[in-house]
Amino acid sequence: MTDSFTQICDLADFEDKEVTLAGWLYNSRASGKIQFLILRDGTGLCQCVVEKGPVGDELFEQLKHLAQESSLTVTGTVRADQRSVGGYELAVTDAKVISPADGYPITPKSHGIDFLLKHRHLHLRSQHQWCIGKIRHTVIDAIRRFFNDNGFILIDTPIITATAGEEVQTLFEVDYFGEPLHLAQTGQLYVEAAAMSFGKVYCFGPTFRAEKSKTRRHLTEFWMVEPEIAFINLEGLLELAENFVAFIAAQVLQNNKNELGTLGVDVATLKKIKPPFYRLTYTETVNILTGQKTKDFLAGQLKGLHQEKQQLENKIGELEKQQAGQIKQWQKDKIAAELIELRAVLAETNTRIENNPKHAKLAAEFQWGKDLGGSDETIISQMHDKPVFVTHYPKQAKAFYMKTDGDNEEVVLNFDLLAPAGFGEIIGGSIREDDYDLLVARINEQNLDIENYNWYLDLRKYGSVPHGGFGLGVERTIAWLTDQKHIRQCIPFPRMMDKVYI
RNA sequence: UCCCCGAUAGCUCAACUGGUAGAGCGAGCGGCUGUUAACCGCUAGGUUGUAGGUUCGAGUCCUACUCGGGGAGCCA
């Protein structure tokens, strides 16, 4: 059936020819004797120009009253026109309504986030979510391609698991025929086993964490890719990670120019994502956080925020004055919409002003040995224009499986990758402890039940080798690359703490 | 779990210190031959989240609850 219809993305090949498009009415504007129907077919948007002459009065009237998101086929001649979205438009000769969509709830005007999440099944049709969906596809394709082309074997790890990879409190429990098991929060332990078979492997799938985290960077169900490599050291891992992330960014730049443009993403910042990334040790990071540089940086930022606030308030005051004056109704409406926008930005600026001193205090009083907090990561991330590796965290702050640094018993051979401009962590990884006795000691130190790790310990009993890997959060990566405020926009059907909409 | 903010028409928001609930979008009708979240005119649309309280009078003040947003801790 698809064959008989032309796709909007291919219109350039059909200039001056007659085609039939099949899709949904995205928006329409009608004048007395001419109508502009914006049709979307999943591959793009096309302006269809309907004139009374060629289509006749009856069809003209029917189309005039057609609701947004009604499905239809449209036949006409393709012609180039700069005034049209996509550069081509259709001079309509015929159209058939497949199914009307009266009362479609999402209008072209603004909506609140709660409303949109409740209507996510329909909101997926919007330009914004469509662009993100296309980019998500590119990111996932790039992930698989990168590993497949570099000799990695895909290993599917189980979703229902018995062993814990991370903190026990963050597990979702499953009643497995009466036995309490839980949903996987990482495939790492399994992928380590597979690395001893194939050398280089990766797993890629959904991950579940029952974290009580209500932030713009958290989902309870998210997608993570975890490569694991035998015979690798920390520097090797860092190189792999930076090449990997740079490859994803390059693929998005190459394949999603239009989508990035529609979303208003600054392409120049994406072009900067090239190796080598910055490298800091945890200790260097702590010194930066507690030092003058951070103090100055945050003070400068606060000053900038106050200026921003002042400018916003001036602008709002000005608009309010204009609004009270004698102007046309439509101008008032435009100002009202602008005011809503500005007030939202102002509220956000106020929050940042409020948080700035707290963050400054946390950073200044940071004690060596603690894990970096969200605000600390944000500060480091904001100071850089490219991703930053932070390596060699204190042993006590990190998971039992991370290998102790031979040169410094206090720290482990691990790293986090922080995306720049304040976005924060997108990767966490480490070299794994490969010595049987040391691993047992670490399990006991952290009061974990050693019974649960018998099979994992076998990997150290039978031909153990140095190995390591990392996990990259897909939604966080997409949110960073597309400059989204909240990662819930970056998965089709988000699951958040205490809230699953549809 | 803690802190802050919010809930008014289908949607997005107004309503100065308590005094008759408004506008745009969407819907319906009409007008307009090149529109770009088109525009112009008319019409319909409300027990102001729930339950109490203060008051001559509550959308506005107080208490509790429900739901939502933002932030913190923790993380990819």
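Our next topic: the domain arrangement of chain A. According to the domain assignment, chain A contains domain 1 (2-99), domain 2 (117-282 + 366-490) and domain 3 (297-351). Each partner contributes residues to the interface: domain 1 has eight residues there, and domain 2 has four residues. Where domain 1 meets domain 2, there are one salt bridge. For the salt bridge of Arg125 with Glu69, the shortest nitrogen-to-oxygen distance reads 3.0 Å. Of the residues that constitute the side of domain 1 that touches domain 2, the class distribution is three nonpolar, three polar and two charged.

Attention shifts here to helix H6 (residues 188-198). Residues of H6 that are buried include every one of Gln188, Leu189, Val191, Glu192, Ala194 and Ala195, and no others. For H6, the secondary structure elements touched by its buried residues are strand S10 (200-208), strand S11 (221-230), helix H15 (454-461) and strand S18 (467-473). Looking one or two residues past H6, Gly199 carries a phi angle of roughly 90°, positive in sign.

This part covers the packing of H6 against H15. Interaxial distance between H6 and H15 falls to 10 Å at its minimum, and their mutual angle equals 30°. Between H6 and H15, the crossing angle belongs to the class labelled roughly parallel. Where H6 crosses over H15, the two elements pack in a sense that is left-handed. Here H6 contributes Gln188, Leu189, Tyr190, Glu192 and Ala193 to the contact with H15, which in turn contributes Trp455, Tyr456, Leu459 and Arg460.

On to the sheet that holds strand S8 (residues 173-176). Strand pairs in the sheet, formed through backbone hydrogen bonds, run parallel or antiparallel to each other. On the basis of which strands lie adjacent, the open sheet formed by three strands has the order S7-S9-S8 and antiparallel pairing. In the strand order of this sheet, the two ends are held by strand S7 (160-161) and S8, each with one partner. Direction of pairing for S8 relative to strand S9 (residues 179-183): antiparallel, over a ladder of four bridges. Paired with Val174 across the two strands is Leu181, which belongs to S9.

By volume, the second largest pocket is sized at about 1,200 Å³. The wall of the second largest pocket is formed by 34 residues, among which Ser110, His111, Gly112, Leu116 and His123 lie closest to the centre. For the lining of the second largest pocket, the elements supplying multiple residues, two or more each, are strand S1 (18-30), helix H3 (113-118), helix H4 (120-123), helix H5 (127-148) and helix H12 (329-364).

Along helix H14 (residues 436-445), the residues classified as buried are Leu439, Val440, Arg442 and Ile443. Along H14, the residues classed as buried sweep out an arc of 160° about the axis, all on the same side. What points out from H14, more than 90 degrees from its buried face, is the exposed set Asp437 and Glu445. Close packing links the buried residues of H14 with H15. Structurally, the start of H14 carries an N-cap: the backbone nitrogen of Asp437 is 3.1 Å from a side-chain oxygen of Asp435. Of the residues trailing H14, Asn447 is marked for its positive phi of about 55°.

Attention now goes to the protein's contact with RNA strand B. The environment of RNA strand B is formed by 59 residues, the closest being Asn27, Pro108, Lys212, Arg216 and Arg476. Among the atoms of RNA strand B close to the protein, meaning within 4 Å, 55% are from sugar or phosphate groups. Within the side chain of Arg216, one N or O atom sits 2.4 Å away from a phosphate oxygen of RNA strand B. In the model, a phosphate oxygen of RNA strand B is placed 2.8 Å from a nitrogen or oxygen of the Arg488 side chain.

Turning next to the packing of helix H7 (residues 234-255) against helix H16 (residues 474-481). One can describe the packing of H7 onto H16 by two numbers: an axis separation of 12 Å at closest approach and a directional angle of 55°. By the angle class used here, H7 and H16 are oblique. Once H7 is placed against H16, the crossing between them reads as right-handed. On the side of H7, the interface is formed by Val245, Ile248, Ala249 and Val252, while H16 contributes Thr477, Trp480 and Leu481. Among the residues making up the contact of H7 with H16, the classes are represented as six nonpolar, one polar and no charged.

Let us look at the nonpolar core. Ranked by size, the top nonpolar core spans 55 residues in total, and within it Val139, Ile143, Phe244, Phe415, Ile427 and Leu481 carry the most contacts. Among the elements that make up this core, the one with the highest residue count is H7 (11 residues). Apart from the residues within four sequence positions on either side, Phe415 is in contact with Leu234, Leu237, Leu238, Ala241, Phe389, Val390, Thr391, Ile427, Gly428, Gly429, Ser430 and Phe470. In terms of nonpolar packing, the next biggest core, distinct from the first, is built from 21 residues, Leu11, Leu21, Leu39 and Leu90 among them.

A cluster of nonpolar side chains, Ile159, Ile160, Tyr176 and Phe177, forms an exposed patch at the surface whose accessible area comes to about 430 Å². Mapped onto the secondary structure, Ile160 falls in strand S7. For Ile160, a relative accessible area of 40% corresponds to the partly exposed category.

A separate point is the pairing of S18. Burial analysis of S18 places seven of its seven residues in the buried class, the great majority of the element. By the alternation rule, side chains of S18 split into His467, Gly469, Gly471 and Gly473 and Gly468, Phe470 and Leu472, which are all buried. As paired strands, S11 and S18 are joined by five bridges and run antiparallel to one another. Opposite Ala230, over in S18, you have His467 as the bridge partner. The sheet contact formed by strand S17 (residues 424-431) and S18 spans five bridges and is antiparallel. Within S18, the residue paired with Ile427 across the bridge is Leu472.

A complete count under the given rule lists 20 aromatic pairs for this structure. For the pair Tyr176 and Phe177, a centre-to-centre distance of 5.0 Å together with 75° between the ring planes defines the contact as edge-to-face. In this structure Tyr176 comes out as partly exposed when scored by relative accessible area, which is 36%. Using a relative accessible area of 78% as the deciding quantity, one classes Phe177 as exposed. Seen in terms of ring centroids, Phe244 and Phe470 are 6.1 Å apart; in terms of plane orientation they differ by 45°. Their pairing is tilted. Of this pair, Phe244 sits in helix H7 while Phe470 sits in strand S18, placing them 226 residues apart in sequence. For the pair formed by Phe244 and Phe470, the shared burial category is buried.

What counts as what
- Residues numbered from 1 in each chain as written.
- Chains lettered and ligands numbered in written order.
- Predicted model: local features only at pLDDT ≥ 70, side-chain atom pairs only at ≥ 80, totals over all residues.
- Heavy atoms only, no water.
- Domains from an automatic or database assignment.
- Contact = heavy atoms within 4.5 Å.
- Salt bridge = Lys/Arg side-chain N within 4 Å of Asp/Glu carboxyl O.
- Nonpolar A, V, L, I, M, F, W, Y, C, P; charged D, E, K, R; others polar.
- Buried < 20%, exposed > 50% of the residue type's maximum accessible area, 1.4 Å probe, protein only.
- Helix = DSSP H or I, 4+ residues; strand = E, 2+ residues; numbered from the N terminus.
- Axes fitted to C-alpha atoms, helices over the stretch in contact; angles between N-to-C directions.
- Parallel < 35°, antiparallel > 145°, perpendicular 65-115°, else oblique.
- Left-handed = near helix turned anticlockwise from the far one by under 90°.
- Pairing = 2+ DSSP bridges.
- 1 Å grid on protein atoms, 1.4 Å probe; cavity = no way out; pocket = protein on both sides within 12 Å on 5 of 7 lines; lining within 4 Å.
- Points joined across faces, edges and corners; volume = space filled by probe spheres on them.
- Arc of directions from axis to C-beta.
- Polar contact = N/O pair within 3.5 Å; in protein donor to acceptor, adjacent residues only side chain to side chain.
- Near = heavy atom within 4 Å.
- Core = buried A, V, L, I, M, F, W, Y, C linked by side-chain atoms within 4.5 Å.
- Patch = residues over 30% accessible without salt bridge, like charges linked within 9 Å, V, L, I, M, F, W, Y side chains within 5 Å.
- Areas by Shrake-Rupley, 256 points an atom, 1.4 Å probe, with all protein chains shown as cover.
- Phe/Tyr/Trp six-rings, centres within 6.5 Å; stacked < 30°, edge-to-face > 60°.

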